Every structure is written in structure tokens, then in C-alpha cells.
Amino acid sequence: MNRVLALLQGDSQADRVVPPSGYSARLTLFTAGAMAFLAVFAMALSLAAGRLADRWSDALARSSTIRISAPVAELEAQTWAVLTVLEQTPGVDSARALTDEEQRALLEPWFGPDLPVADLPIPRLVEVIETEEGYDAEGLRQRLAAEAPGAVLDDHTRWRRPLVEAANRLRMLGWVAMGLILASTAALITLAAGSALAANQSVITVMRLVGAKDNYIARAFVRRFTLRALMGAAVGTGAGMVAVALLPRAGDDEAFLTGLGFAGVHWLWPLTVPILAAVTAFWATRIAAFRTLRGLR
């Protein structure tokens, strides 16, 4: 704690070595702010993808659909046969046949609101809700084949797995983007610190002649660049959080990026971005400072 306080307080004599403004200062502030802004969006993308994966998994995990394709004269009989089989199947919590209005609502995005469901040979759909234990899908398929030849069971496995995998990969992409942003921040701050050190080579030489150690000189650069990165990242994080808050919410009219953002305690996660930027700047500046100082001997 004492070392942290000493770093924040600094030394007025050593701070004279580091230019308070200029190219390196503007580059550090802009880099930290811009990267923090992007990091907030990458974090929002990753957390939203995680919520999406959980939601898709939960929504499809315990639901199945049975499609009944049969002549109109046999459709009702096969529907009742399917419902009877489901009532006798262990692991089935509930089952019901969708009404014409519900099937019309499902087809409306593709065929419009005036689709004559009753006049078209559209298969009857039966919604199946499983218990936590689930049912034997293969056994149910065999019973349906015997009782209702036109019934086909879809347990959503082929839909659920690709959707969840896509959401998980999107979440991983968000964290990879976060890592690349931190690496880019470190590279640009290293460039700015090296430029400031080179610009003050004559001052550093004089300080060495009067007995200043490399640790003393490097500490001044580390402190100044760390604080600049912290301030720039704080501004960028604030702007990023405001921008994310202004994105369309799920359910808004004409919403495009619905669900992208933070929810609940996830709003606390962006507050770690300035800290990560400061830590990155600390180590990047420290490494760059000692490397440059060794080269100035």
C-alpha cells in the first residue's frame, strides 16, 4: 500500500523529466480512452453472448415438437393417438396440440398474416414439455411409429447444439478482442514512453551525473504514464457505458442489436477496464523505461 501511495504521490523533481503535455501525453490519453471504449463493447458482446447461450439452452433443453403429417381425414385421429402416447410416456411433463391461430402466428413472418391454415395441408404440431429427468427419445419414436405413422419427433437437439456453440464462440471472440485491445494498448503506450524517454535523453544524462538511479528516473515515467492511461481509460469507459445504455433494448420497435449490453451486476464489469488499462500501462512503461535507459548508457 505504501508503494502504491508513493507511486500516486510521485516526486516533483523526477516529474520534471516527463513532459506534462505534447505528443506522448496526447497519444497516451487518446489510446487509453479509445481502447477502453472498444473494450466496453467487447465486454458487452461477450457477456450478452453468454446470456444468449444460457437462454437458448434453457429454452430448448426441455421442449420438443412432434410433427404430424397425415391426410385430413386421419389428422385428428393421429393427433389424439400422439397425445395418448405422450400421456403414457415417463418423462413427459405436458403435451398439447397447437391451435390454428398459433400455427398461423408461427408462419406469419414467412407467409403473412392472412395465411389460410385450415385450407392448406399443413402438418399439425404438438408441443412437448419434458420433466427434468427427460424421456427416452428413441423409445418414443418407436411408439409413435406404431401408433401414429405420420408423427415425427424433433427433440431440438440439432437446433440447440449449433445455437449454443455459436453463442459460446461469440463469447470467446469477445474475450479474445479484449486481449487484443490490451495488447494494442500496451504497444502504443510503450511507443509513447519510448518517445518521451528519447526526447529527454539530455535531461536523463544530467540526472545520472548528479547521482540519480535508473529506478528513480523510471519511476517518474511509470507514474505519469500510468495516471494518464487511468484517466483516459476512465473517460473512454464512461463514454462506452453511455453508448451501450443507448443501444436498443430487447422488445423495442425496429431494434437491431437487441440484447447487446449489460444486465444487473454486469454493469460493474466495465469499471474494471480503467484498472486493467492502468496495470497494462504500468508494466508497459516500466519495461520500456528500463530497456531505453539501458540503451542510453
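How each quantity is defined
- Residues numbered from 1 in each chain as written.
- Predicted model: local features only at pLDDT ≥ 70, side-chain atom pairs only at ≥ 80, totals over all residues.
- Heavy atoms only, no water.
- Helix = DSSP H or I, 4+ residues; strand = E, 2+ residues; numbered from the N terminus.
- Contact = heavy atoms within 4.5 Å.
- Areas by Shrake-Rupley, 256 points an atom, 1.4 Å probe, with all protein chains shown as cover.
- Patch = residues over 30% accessible without salt bridge, like charges linked within 9 Å, V, L, I, M, F, W, Y side chains within 5 Å.
- Salt bridge = Lys/Arg side-chain N within 4 Å of Asp/Glu carboxyl O.
- Core = buried A, V, L, I, M, F, W, Y, C linked by side-chain atoms within 4.5 Å.
- Buried < 20%, exposed > 50% of the residue type's maximum accessible area, 1.4 Å probe, protein only.
- 1 Å grid on protein atoms, 1.4 Å probe; cavity = no way out; pocket = protein on both sides within 12 Å on 5 of 7 lines; lining within 4 Å.
- Points joined across faces, edges and corners; volume = space filled by probe spheres on them.
- Nonpolar A, V, L, I, M, F, W, Y, C, P; charged D, E, K, R; others polar.
- pLDDT = per-residue confidence, 0-100.
- Expected span 1.5 Å × (residues − 1).
- Pairing = 2+ DSSP bridges.
- Axes fitted to C-alpha atoms, helices over the stretch in contact; angles between N-to-C directions.
- Phe/Tyr/Trp six-rings, centres within 6.5 Å; stacked < 30°, edge-to-face > 60°.

Before going further, it helps to spend a moment on the overall build of the protein chain. Secondary structure summary: the protein chain contains 10 helices and 4 strands in total. From first element to last, N terminus to C terminus, the protein chain shows the α and β order α-α-α-β-α-β-α-β-α-β-α-α-α-α. The long-range share in the protein chain, meaning contacts at least 24 apart out of those at least 6 apart in sequence, stands at 82%. As presented, the protein chain carries roughly 17,100 Å² of accessible surface, and 63% of it is formed by carbon and sulfur atoms.

The topology assignment puts T285 in helix 10 (residues 272-295). Dropping the residues within four chain positions of it, T285 is found in contact with I189, A193, F221, V222 and F225.

Here we come to a nonpolar patch on the surface. Among the surface-exposed residues, I275, V279, W283 and I287 lie close enough to one another that they form a single nonpolar patch of about 420 Å² accessible area. Tracing the chain through its elements places I287 in helix 10.

Let's shift gears to the side chain of T280. As for its position among the elements, T280 is in helix 10. Each residue touching T280, except ones within four places of it in the same chain, is listed here: L182 and A186.

Counting residues in hydrophobic clusters, the biggest one holds 39 residues, and the most contacted among them are I217, F221, F225 and F262. Elements supplying a minimum of two residues to this core: helix 3 (23-61), helix 7 (157-199), helix 8 (201-209), helix 9 (214-245) and helix 10. Ranked by residues supplied to this core, first place goes to helix 3 with 11 residues. Of all hydrophobic cores here, the second largest spans 17 residues; its members include L75, L83, V92 and A137.

Applying the stated criterion across every chain yields a total of 1 cavity of 30 Å³ or more. Here the largest cavity defines a volume of roughly 70 Å³. Residue lining of the largest cavity: A32, M35, A36, A39, M178, I181, L182, T185, A233, V273, L276 and A277, and that is the complete set. Secondary structure elements with two or more residues in the lining of the largest cavity: helix 3, helix 7 and helix 10. For the lining of the largest cavity, the per-class residue count stands at 11 nonpolar, 1 polar and no charged.

The subject of this paragraph is the pattern of salt bridges. As enumerated under the stated definition, the model contains 3 salt bridges in all. Across the salt bridge formed by R96 and E102, the nearest N and O atoms sit 2.9 Å from each other. For E102, a relative accessible area of 29% gives the class partly exposed. With a shortest N-O distance of 3.3 Å, E127 and R96 are connected by a salt bridge. Of this pair, E127 sits in strand 3 (residues 124-130) while R96 sits in strand 2 (residues 92-97), and the two are 31 residues apart along the sequence. The class of R96 is partly exposed, set by a relative accessible area of 37%.

This prediction gives the protein chain a mean pLDDT of 79; 80% of its residues lie at or above 70. The least confident element of the protein chain, judged by mean pLDDT, is helix 1 (residues 2-9) at 52; the most confident is helix 9 at 88. Predicted confidence for residues 252-257 stays below pLDDT 50, and this span has 4 contacts to residues more than four positions away or in other chains.

The next subject is helix 4 (residues 72-87). Relative to the 22 Å expected for 16 residues at 1.5 Å per residue, helix 4 spans 24 Å between its end C-alpha atoms, a close match to the ideal helical length. Residues L75, Q78, T79, A81, V82, L83, V85 and L86 constitute the buried set of helix 4. For helix 4, the secondary structure elements touched by its buried residues are strand 1 (63-68), strand 2, strand 3, helix 6 (137-147) and strand 4 (151-154).

Turning our attention to the sheet that holds strand 3. Read across the open sheet, the 4 strands follow the order 2-3-1-4; overall the sheet is antiparallel. Since the sheet does not close on itself, it has two edges, and those belong to strand 2 and strand 4, each with one partner. Averaged over neighbouring strand pairs, the angle between their axes works out to 20° when direction is ignored. As paired strands, strand 1 and strand 3 are joined by 6 bridges and run antiparallel to one another. Across the sheet, R67 pairs through a bridge with L125, a residue of strand 3. Seen against the sheet, helix 4 touches strand 1, strand 2, strand 3 and strand 4 and runs at an angle of roughly 5° to strand 3. On the sheet, helix 6 packs against strand 1 and strand 4 and is oriented at approximately 170° with respect to strand 4.

So, about the packing of aromatic side chains. For the structure shown, the criterion picks out 3 aromatic pairs. Arranged with centres 5.1 Å apart and planes meeting at 55°, the rings of F262 and W267 form a pair that is tilted. Classification of F262 by relative accessible area gives buried; the value is 4%. On the accessibility criterion, W267 (27% relative accessible area) is partly exposed. Measuring from ring centre to ring centre gives 5.2 Å for F282 and W283, while their planes differ by 90°; the resulting arrangement is edge-to-face. Accessibility expressed as a relative area gives 22% for F282, which makes it partly exposed.

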